[in-house]
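Now for the letters of each chain:
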Amino acid sequence: MGFRLLCLTGAIMGSVGLAAAQDASVLSAGAVEPGLLAAIAVYQKESGRKVAVTFNTAPQIRERIEKKSDKFDVVIVPPAVMDAFAEAGRVDPERVMLGRVGQGIAVRPGAPVPDVSTLDAMKRALLEAESVVFNRATGGQYIESMLRKIGVYDQIEKKTTRYASAAEVMDHLLKSKGRELGFAPMTEIMLYKEKGLRFVGPLPAEVQQYNAYVASPMRGSPNAQAASALVKFLGTPPAKAALAAGGVE
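Given the structure is predicted, the values throughout are model-derived calculations rather than measurements.

Caption draft 1: Broad picture of the layout of surface pockets. For the largest pocket, the calculated volume is near 220 Å³. Along the walls of the largest pocket sit 14 residues, with Lys68, Lys71, Arg90, Met218 and Arg219 positioned nearest its centre. The class makeup of the residues in the lining of the largest pocket is five nonpolar, three polar and six charged. In this model, the second largest pocket occupies a volume close to 190 Å³. Taken together, 13 residues form the lining of the second largest pocket, with Pro112, Pro114, Ala129, Arg179 and Leu181 sitting closest to its centre. When contributions to the lining of the second largest pocket are tallied by element, the ones reaching two or more residues are helix 4 (119-128) and strand 8 (180-185).

Caption draft 2: A look at the pattern of salt bridges. Per the counting criterion, the structure on display carries nine salt bridges. A salt bridge links arginine 148 to glutamate 144, with the nearest nitrogen and oxygen atoms 3.0 Å apart. Residue arginine 148 and its partner glutamate 144 are located together in helix 5 (residues 138-149), separated by four residues, close to a single helical turn. Using a relative accessible area of 45% as the deciding quantity, one classes arginine 148 as partly exposed.

Caption draft 3: Structural view of the packing of aromatic side chains. Evaluated as defined, the whole model comprises two aromatic pairs. Measuring from centroid to centroid gives 5.2 Å for tyrosine 43 and phenylalanine 233, while their planes differ by 50 degrees, and the two rings are tilted. Of this pair, tyrosine 43 sits in helix 1 (residues 33-47) while phenylalanine 233 sits in helix 9 (residues 224-233), and the two are 190 residues apart along the sequence. Accessibility assignment for this pair places tyrosine 43 and phenylalanine 233 in one class, buried. Seen from their ring centres, phenylalanine 134 and phenylalanine 183 are 6.5 Å apart, and the 85 degrees between their planes marks the pair as edge-to-face. Highlighted residues: phenylalanine 134 in strand 6 (residues 131-135) and phenylalanine 183 in strand 8, separated in sequence by 49 residues. When sorted by exposure, phenylalanine 134 lands in the same class as phenylalanine 183, which is buried.

Caption draft 4: Region of interest: the nonpolar core. If you look at the biggest cluster of nonpolar residues, it comprises 42 residues, and the most contacted ones within it are Leu36, Ile76, Phe85 and Leu234. Leave out the neighbours within four places in its chain, and phenylalanine 85 touches Ile61, Arg62, Ile65, Val75, Val77, Arg90 and Val91. Residues Leu126, Ala129, Tyr142 and Leu203 belong to the second largest nonpolar core, which totals 24 residues.

Caption draft 5: Structural detail: the packing of helix 7 (residues 166-175) against helix 8 (residues 186-193). Interaxial distance between helix 7 and helix 8 falls to 10 Å at its minimum, and their mutual angle equals 40 degrees. By the angle between their axes, helix 7 is oblique relative to helix 8. In this structure, the crossing between helix 7 and helix 8 has a hand that is right-handed. Contacts between helix 7 and helix 8 involve Ala166, Ala167, Met170, Asp171 and Leu174 from the first element and Glu188, Ile189 and Tyr192 from the second. Among the residues making up the contact of helix 7 with helix 8, the classes are represented as six nonpolar, no polar and two charged.

Conventions used here
Residues numbered from 1 in each chain as written. Predicted model: local features only at pLDDT ≥ 70, side-chain atom pairs only at ≥ 80, totals over all residues. Heavy atoms only, no water. 1 Å grid on protein atoms, 1.4 Å probe; cavity = no way out; pocket = protein on both sides within 12 Å on 5 of 7 lines; lining within 4 Å. Points joined across faces, edges and corners; volume = space filled by probe spheres on them. Nonpolar A, V, L, I, M, F, W, Y, C, P; charged D, E, K, R; others polar. Helix = DSSP H or I, 4+ residues; strand = E, 2+ residues; numbered from the N terminus. Salt bridge = Lys/Arg side-chain N within 4 Å of Asp/Glu carboxyl O. Buried < 20%, exposed > 50% of the residue type's maximum accessible area, 1.4 Å probe, protein only. Phe/Tyr/Trp six-rings, centres within 6.5 Å; stacked < 30°, edge-to-face > 60°. Core = buried A, V, L, I, M, F, W, Y, C linked by side-chain atoms within 4.5 Å. Contact = heavy atoms within 4.5 Å. Axes fitted to C-alpha atoms, helices over the stretch in contact; angles between N-to-C directions. Parallel < 35°, antiparallel > 145°, perpendicular 65-115°, else oblique. Left-handed = near helix turned anticlockwise from the far one by under 90°.

Encoded structure:
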């Protein structure tokens, strides 16, 4: 997901620059967006605290953290990325697993919904599609490797389009007019269903891939106490229920 700073009913502030006036600022991978925002809404209601959330792709987050150009209190990324941050001394040892997100397939509003319920059916749909769209982030890297593994990548490579984020993939599909298939985290697709995007289905079980996401306070956080409190909350039953309702298993 590309850079997005979302406001949640006026409670999640619209600028990381306002972090001094807030209790915590979060830099998060976009795949957990629906569930995370729901969990934060519960946290804010229960604690009376405010939280600012910025969404980026995992590669963009890595770049921002490595450059030390921004100050955040909490970071949410896949475990392997968090391990790299820990080795570099960028995060505290405290860590909470939010859950995992699977990959799905979508088509433009009004387009016929192809059968992708089995691996053979998905392969046929890919070969018959006019174009195939996915991102260059963690999920998209898996999609490319999966397409190679099932033996269709060489046949469809010329009709593939890549974007930096899943959000850009969804925006592309909303504007398209042909028979295109788009791959994205299922949470991202669900966000765009409200705009008319059609959810085709998850990847078949034998090629489905789940990305897990963990939260940790940033080392040297300007709001260390609030950062720790938020991370702890994300591991509680109310937070897990909100995350699950937003598609984070």
